[in-house]
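# Coordinate inspection notes
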Amino acid sequence: MEPPDVDPITALAHANLDGPVDIAPRTFWVGTMLEDVTFQSHTYLIEQADQSVLIDPGSALAVDAVIAKVNEVVGLANVRWLVCSNTDPDVVGGLARLVEAGLHPEAALVTHRHDEMLLVHTGTRLPFWRIEEHDWRLELEDRALRFDSIPYAVAAGAFVTFDESTGVLFSSNLFGGETPERALVAHSMDYYDAIRPFHQHYVPSREVLAHALARVAKLPVTLVAPHHGQLVPHDLIAPLTQRLERLQCGLVTLAHADPRVRFLLGANQTIHRVLDALVHEQQFSDVVALLASLAQRTTGATALELWAGTRDALLHFDASDGYVGRRDDPPDDVVMVLRGATSPHGSRLILPLVTSEASQIEGAVVMVYDEPVAIDDEVLAVVQEVIGLIGVGLEREVLRRSTDIELAIWRRRAVLDSLTGLHNRASLTDSARRMAAFDEQLGTPQMAAVMVDIDHFKAINDTYGHLTGDRVLQHVAHAITESVRPSDLIFRYGGEEFLVLLAHVDLAMARQAAERIRSRIAVPLESFAITVSVGVALRIAGESHLNLIERADRALYLAKSRGRDRVEAL
C-alpha cells in the first residue's frame, strides 16, 4: 500500500533540519539552527551541476554547517555563483571560510556596483558578477534568476532574487524576523508578531517598506524564503503583505518615543508636502486632507477644520465632506478669533488666518485634541508657518469656490453612489474607455475586470429587511476598497453587483485580488454570513472595455453556476 500524499508545506514543517531540506525542485535550505539564537540566518542552494548557486552564503557561525550540507547535495567545488543580497556579516561573514574550503575555480560574487565597494573588505578576492550589467538576470541550466532592487529594506543596496521556474522568492530581509523556535516554516499569521518588530525598527519608513512590497507583489511568488525567520507559504504571503503595508516603521518609531523628534519630523514633511501640493495646484480638499493627516502625526491633533470667507458667507472645511467646503455658521470660539480675540488653547487650538497684506483676519484654523494641550512657542512657530502656507491656498480657494460649492456637491452626487461612496455606473464609461486605451499602448495587456455579486442578496432583503441589505452593501463596498490598491477603480455596477478595474496586472495577480475580495467579505455580519461570487477577465489585445466587462460578467455567472462563494476566470 502506497503512503498517502503529504502536503509539501507539511513536509517542510517536519523536515530533518540536520541535513539539507528540499524546498522546491533542485532548491535546498542548507542553513543551520544555531542554539540560543533567535535571529537565525538561512542559506539556500540551487543545484545546477557545476553552475550551482548559493543564496546569501551566511555567517561565520554557520558556515561549516552550510559547507557540510552543500557537499551532501552537489559538492562545494560546484558552487559557481554566490548571491549576496546585502553586505551584512550574517550574509558575507562566512565567505573567507567558503573560499578556503574550495569553491568552483571560477566562483563569483553576484552583487551590484554599490555593494561591491563594501564586499571588497571581506578580503576574499572573489571576482564580481554585477547584476546591473546582465539585465538583472542570471541564466542557469533549467531556469533563470531575476533580481529586483528593494533599496533601504533593510540595507541601502538590498535586492531580492526570484526563481522564475519554481516561484520561490529569496527575499533577503523582507518578510524576515526573529523566531525563537527551531521551525523552518511559518504556519499561521502569528508569524507577523515575529516579523513586525524587525521591519519596524530596521526599515527607515513605511514608504520604503511599501515600495519594496509593491515590487515583489508583481511577481508570481509561491514561496518566500527570507534570510531570517521562517519560510512563508503561499497562503500567508498576501495577508502578511497587507499587514506590513500598514506598518509604521523607521524614524516614526523613534518619534513615538520622543515627542520632539515626532514634531520636527512631521513639521518638515508637512511644510514640503504642502508646498509641493500648492505649487502643483492640487485640489484644495486634497491639500487640507494632507494637512489634517500630518497634523495628527505631528502634534496629535484628532481633527482639523478651516473657516474662511466673508462674515456673511463663511465656508467650513472639515473631514465630514472630504474638505470640499460648505457654507456654515461658526461656533462661538471661532467667532471670537475671527473678531480678533485670543482663544485659550484647551482641547481646541484656534489660530487666525490673515490676508496676504496682514491687514485683517480672513479665517481660522482649528486643531482638535482629545484633551487640553499645551504647545510651546517653538512648536507654535512651526505650526503658524504651515498655516501661513495654507492661507495662500485658502485665499485662492475662497475666490474660486465661493460661487460654485453647490455645483461641486452636485457633481460629486452625479458620479458617486450615495449609499456606498463608490463610483456609480454612470461614471464608468469614460473611466473604463481611458483605461483600456492606455492599456492598449502597453503592448502586453495588463488591465483586468473583476465582477463581484452578493450571493442570495434578495433573500437577505426579504428576511432581514432593506436596512440590513444596505448595511451589507456598505460592508461589501468597504471590503473591496480594503482589498485593492488606491489606483484601482471600483464601481457599484448594479443593485448588488460591483465592478473593479485593475491596471498593471496579469491574470494570476487579478485572481489573487479577486480571492482577497472574496475572503475579506466572507465574515459574519450580524446573525448571518455574507458570500460573493466573483468573475475575472484579463483584457485581450484590441479588446474594448465593454467586451472585457462582458467576459468578467460571464465568468461571474460561471462562478454562480458552480456553487457560488468562489472565483472563476475567463
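For the structure itself, look to the data block above.
Each value, and the rule that gives it
- Residues numbered from 1 in each chain as written.
- Predicted model: local features only at pLDDT ≥ 70, side-chain atom pairs only at ≥ 80, totals over all residues.
- Heavy atoms only, no water.
- Buried < 20%, exposed > 50% of the residue type's maximum accessible area, 1.4 Å probe, protein only.
- Helix = DSSP H or I, 4+ residues; strand = E, 2+ residues; numbered from the N terminus.
- Pairing = 2+ DSSP bridges.
- Right-handed = clockwise from strand over helix to strand, strands pointing away.
- Phe/Tyr/Trp six-rings, centres within 6.5 Å; stacked < 30°, edge-to-face > 60°.
- Lys NZ or Arg CZ within 6 Å of the ring centre and 35° of its normal.

## So, the pairing of strand 4 (residues 52–55)
In strand 4, alternate side chains face the same way, and those of S52 and L54 on one face and V53 and I55 on the other are all buried. Note that strand 3 (residues 44–46) and strand 4 share 3 bridges and pair antiparallel. Along strand 4, the bridge assignment pairs I46 with V53. Where strand 4 and strand 5 (residues 79–83) come together, 4 bridges link them in parallel fashion. Residue pairing across strands places I55 opposite V83, the latter belonging to strand 5. Taken together, strand 4, helix 2 (residues 63–73) and strand 5 form a β-α-β motif whose crossover is right-handed.

## Points about the packing of aromatic side chains
Following the criterion strictly, the structure yields 6 aromatic pairs and no others. Here F147 and F159 contribute two aromatic rings whose centre-to-centre distance is 5.8 Å and whose plane-to-plane angle is 90 degrees, an arrangement assigned as edge-to-face. Of this pair, F147 sits in strand 9 (residues 144–149) while F159 sits in strand 10 (residues 159–163), and the two are 12 residues apart along the sequence. Here F147 matches F159 in class, with each residue buried. Ring centres of F198 and Y202 lie 5.1 Å apart, and the angle between their planes is 40 degrees; this geometry places the pair in the tilted category. Here Y202 and F198 lie together in helix 6 (residues 192–202), a separation of 4 residues that amounts to about one turn. In this structure F198 comes out as buried when scored by relative accessible area, which is 4%. Counting every residue linked through ring pairs, the aromatic cluster contains W81, W129, F147 and F159. One residue, R80, lies across the ring of W81, its end atom 4.0 Å from the ring centre. Over the face of the ring belonging to Y493 we find R425, whose NZ or CZ atom lies 3.9 Å from the ring centre.

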